[in-house]
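# Working through the structure, step by step
Each chain is listed here by its residues.
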Amino acid sequence: MTTLSSGFARARRWLRDHPLAFDATLAFCTLVAMICSSFTDPGDGHGPPAFGARTPELFSVLLMTLTAAALVLRRRRPMQVLAVTAALAAVEYVLMDPPAPVVMSTVIALYTVASRTDRPTTWRVGLLTMGGLTAAAMVFGSTPWYSQENFGVFAWTGLASAAGDAVRSRRAFVDAIRERAERAERTREEEARRRVAEERLRIARDLHDVVAHHIALVNVQAGVAAHVMDKRPDQAKEALAHVRDASRSALNELRVTVGLLRQQGDPEAPTEPAPGLAVLGELVTTFRNAGLPVEVACADRDRLPAAVDLAAYRVIQEALTNVRKHAGAGARAEVSVVRVGATAEVTVLDNGRGSAGRRPGTGPGSGTGPDGGTGPGSGTGPDGGGPGGPGDGDGQAGGGHGLVGMRERVTALGGALTAGPRYGGGFRVHAILPVEARTGEPDRPGTAGGTGLRR
């Protein structure tokens, strides 16, 4: 049974791949069926049909052969094949009595037309064929017009039209389902790519914020330690302790961020919460230890949504990092976070004089300390020249990604950010964040426009 079914399936696939061979086989089978039926006498309807009671005329055999041969081209020329078979069937009804079943070929040709055209065409062509052949059988036949043979012509041609229309509708339905499934698959793939791109951008912003902040502090404190190592070893030890703390914090935050890339179920997945305003005091302490006086005014720090809380923390972190790197010696910073209606406003001010890092530089990473220390990659230390934060030749921290990252964070939540120099000196970063974060919306360009120098 298995061998038989597999052989039948292979034959079916071969015939599907070779439609001309299938049509030729169908035409041959139709010719055999018509010739066998032409030897059968239906009788008067009171007994079974008698096979061999009559012999078909040579002209009828010729018509049956022509109509069967025409079926070979039924896929390529459906309308022409239907016209030829219907005309030959009508000729058989007019000239021969009793007629041979030439109409079998017309039934198959009508089915082909109905399955390959639209419904209005099927109705027009079907009714014309049904009416013409039925009328020819009733008018020119020797049997009464109401005989079952005449109504059989009407029934078989009508059934062919209905079957062909049903097959066409099913094919269209299957094609629509297949197209919808392919479109849904493309949509899923595009959505997955979009989500991956958004996640990569978010992780890149987190990594930039962590690295830019902590590495800048490490660089500053290392420069201080190197500068005062010989004269004030106690201060150098304190600076190195700050380096150790900043590097430990950087490693912890990097572990949390990179942990987001783990697959579910991986061992040792980090469970630390994302940083927020609740740990703002620790962030400010790191800057104060680095020599930057910071004053903080923060209210309702624990009542913000998680996404808004993280965005506010990152904006403050990046802004203070830029102050420490570019504002120069003696700068002070002020941080405020207040609720205004349905929004939270984050403001970071400084009174820096906008030294080397705030205006276009003359070389990659050049800087000058109060004591005159210069060199590639040098910055400004609290006690004079020495190794400091790596400056940017165009005055942009981290290649200009700091301010861009802040804007992207704020814009993703539906907020706005402005950044630029203050009147009378210094720099100002101001972010307005909606309390109801809209993290699912795409970034809308222009929402968080800013003015002034980028850092």
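Predicted model, so just to flag it, every value in this text is computed and none were measured. (Residues numbered from 1 in each chain as written. Predicted model: local features only at pLDDT ≥ 70, side-chain atom pairs only at ≥ 80, totals over all residues. Heavy atoms only, no water.)

## Looking at the overall build of the chain
Helix and strand counts for the chain stand at eleven helices and nine strands. Out of the 455 residues in the chain, the part that is buried amounts to 38%. Partitioning the intrachain contacts of the chain with sequence separation of at least 6 by distance along the chain shows that 67% fall at a separation of at least 24. Approximately 24,900 Å² of the chain is accessible, and the part contributed by carbon and sulfur atoms is 61%. (Helix = DSSP H or I, 4+ residues; strand = E, 2+ residues; numbered from the N terminus. Buried < 20%, exposed > 50% of the residue type's maximum accessible area, 1.4 Å probe, protein only. Contact = heavy atoms within 4.5 Å. Areas by Shrake-Rupley, 256 points an atom, 1.4 Å probe, with all protein chains shown as cover.)

## Observations concerning the packing of helix α5 (residues 103–116) against helix α6 (residues 119–140)
Where α5 meets α6, the axes come as close as 10 Å, and the angle between the chain directions of the two elements is 170 degrees. Between α5 and α6, the angle is such that the two are roughly antiparallel. Crossing of α5 over α6 shows left-handed handedness. The residues of α6 that touch α5, namely those facing Val103, Thr106, Leu110, Val113 and Ala114, are Thr122, Val125, Gly126, Thr129 and Leu133. A per-class count over the contact of α5 with α6 returns six nonpolar, four polar and no charged. (Axes fitted to C-alpha atoms, helices over the stretch in contact; angles between N-to-C directions. Parallel < 35°, antiparallel > 145°, perpendicular 65-115°, else oblique. Left-handed = near helix turned anticlockwise from the far one by under 90°. Nonpolar A, V, L, I, M, F, W, Y, C, P; charged D, E, K, R; others polar.)

## Examining α5
Between the first and last C-alpha of α5 there are 20 Å, a value that for 14 residues agrees with the 20 Å anticipated at 1.5 Å per step. Taken across its 14 residues, α5 has eleven buried, putting it largely inside the fold. When we look at burial in α5, the residues that qualify are Val103, Ser105, Thr106, Val107, Ile108, Ala109, Leu110, Thr112, Val113, Ala114 and Ser115. (Expected span 1.5 Å × (residues − 1).)

## Things to note about the side chain of Thr112
Position of Thr112 among the secondary structure elements: in helix α5. Beyond its immediate chain neighbours, meaning those up to four positions away, Thr112 contacts Arg74 and Pro78.

## Quick notes on the nonpolar core
What tends to happen in soluble globular proteins is that the nonpolar side chains get buried as a cluster. In this structure, Val294, Ile316, Leu320, Val346, Leu417, Val429 and Leu433 are the most contacted members of the largest nonpolar core, which totals 40 residues. When residues of this core are assigned to their parent elements, the largest contribution, nine residues, is made by helix α10 (residues 306–326). Residues in contact with Leu433, not counting those within four places in the same chain, are Val308, Ala311, Ala312, Ala342, Thr343, Ala344, Val346, Val410 and Leu413. (Core = buried A, V, L, I, M, F, W, Y, C linked by side-chain atoms within 4.5 Å.)

## Some details on the confidence of the model for the chain
Chain-level pLDDT for the chain is 75 on average; 75% of the residues reach the 70-or-more range. Counting contacts from residues 439–455, a segment whose pLDDT is below 50, to residues more than four positions away or on other chains yields 54 contacts. (pLDDT = per-residue confidence, 0-100.)

## Some points on a nonpolar patch on the surface
Judged by side-chain polarity, Phe59, Leu62, Leu66, Val91, Val94, Leu95, Val139 and Phe140 come together as a nonpolar surface patch covering roughly 700 Å² of accessible area. When residues of the nonpolar patch are traced back to their parent elements, those giving at least two are α3 (58–70), α4 (78–95) and α6. With respect to the element layout, Leu66 can be found in helix α3. For Leu66, a relative accessible area of 42% gives the class partly exposed. (Patch = residues over 30% accessible without salt bridge, like charges linked within 9 Å, V, L, I, M, F, W, Y side chains within 5 Å. Salt bridge = Lys/Arg side-chain N within 4 Å of Asp/Glu carboxyl O.)

## Thoughts on a positive patch on the surface
There is a patch of like positive charges on the surface, built from Arg10, Arg12, Arg13 and Arg16. The topology assignment puts Arg13 in helix α1 (residues 2–17). (Lys, Arg positive; Asp, Glu negative; His and termini not counted. Charge placed at Lys NZ, Arg CZ, Asp CG, Glu CD.)

## As for the pattern of salt bridges
According to the stated counting rule, one finds eleven salt bridges in the structure shown. Among the salt bridges present, the one from Asp175 reaches Arg178, with a minimum N-O distance of 3.0 Å. A residue pair is termed a helical-turn pair when its members lie 3 or 4 positions apart in one helix, as Asp175 and Arg178 do in helix α7 (residues 148–228) at three residues. The exposure class of Arg178 is partly exposed, given its relative accessible area of 44%. A salt bridge links Glu179 to Arg183; the shortest N-O distance between them is 3.7 Å. Linking Glu179 with Arg183, this pair stays in helix α7, spanning four residues, or about one helical turn.

## Quick look at the sheet that holds strand β5 (residues 343–350)
The mixed open sheet is built from five strands, whose spatial order is β3-β4-β5-β9-β8. The open sheet has two edge strands, β3 (294–298) and β8 (416–421), and neither has a second partner. Between one strand axis and the next, the sheet turns by 10 degrees as a mean value, whatever way the strands run. With eight bridges connecting them, β5 and strand β9 (residues 427–434) associate as antiparallel partners. Paired with Glu345 across the two strands is Ile432, which belongs to β9. (Pairing = 2+ DSSP bridges.)

## Some remarks on the environment of Arg202
Within the secondary structure, Arg202 is located in helix α7. Look at Arg202 and you get partly exposed, because its relative accessible area is 24%. Measuring from C-alpha to C-alpha, the distance between Arg202 and Ala412 comes to 10.0 Å, with 210 residues separating the pair along the chain.

## Section: α10
Residues lying three or four places apart along an α-helix face the same way, a consequence of the helix completing one turn every 3.6 residues. Here α10 spans 30 Å end to end across 21 residues, near enough to the 30 Å set by a 1.5 Å rise per residue. With 18 of 21 residues buried, α10 lies mostly within the body of the structure. Gly328, located one to two residues past α10, shows a positive phi value of around 90 degrees.

## Considerations on the environment of Val429
In this fold, Val429 is placed in strand β9. The spatial distance from the C-alpha of Val429 to the C-alpha of Val346 is 8.0 Å, given a sequence separation of 83 residues.

## A short note on the pairing of strand β4 (residues 333–340)
Across five bridges, β3 lies against β4 in parallel orientation. Within β4, the residue paired with Val296 across the bridge is Val335. For β4 and β5, the ladder comprises eight bridges, and the chain directions are antiparallel. Counterpart to Ala333 in the pairing with β5 is Asp350. Remark: two residues form the turn of the hairpin made by β4 and β5, two consecutive strands paired antiparallel; Gly341 in that turn has positive phi of roughly 65 degrees.

## Let's talk about the packing of helix α9 (residues 280–289) against α10
Packing of α9 against α10 leaves a shortest axis separation of 11 Å and a crossing angle of 5 degrees. With respect to α10, the element α9 is oriented roughly parallel. Along the contact surface, α9 presents Leu280, Leu283 and Phe287, while α10 presents Tyr313, Ile316, Gln317, Leu320, Thr321 and Arg324.

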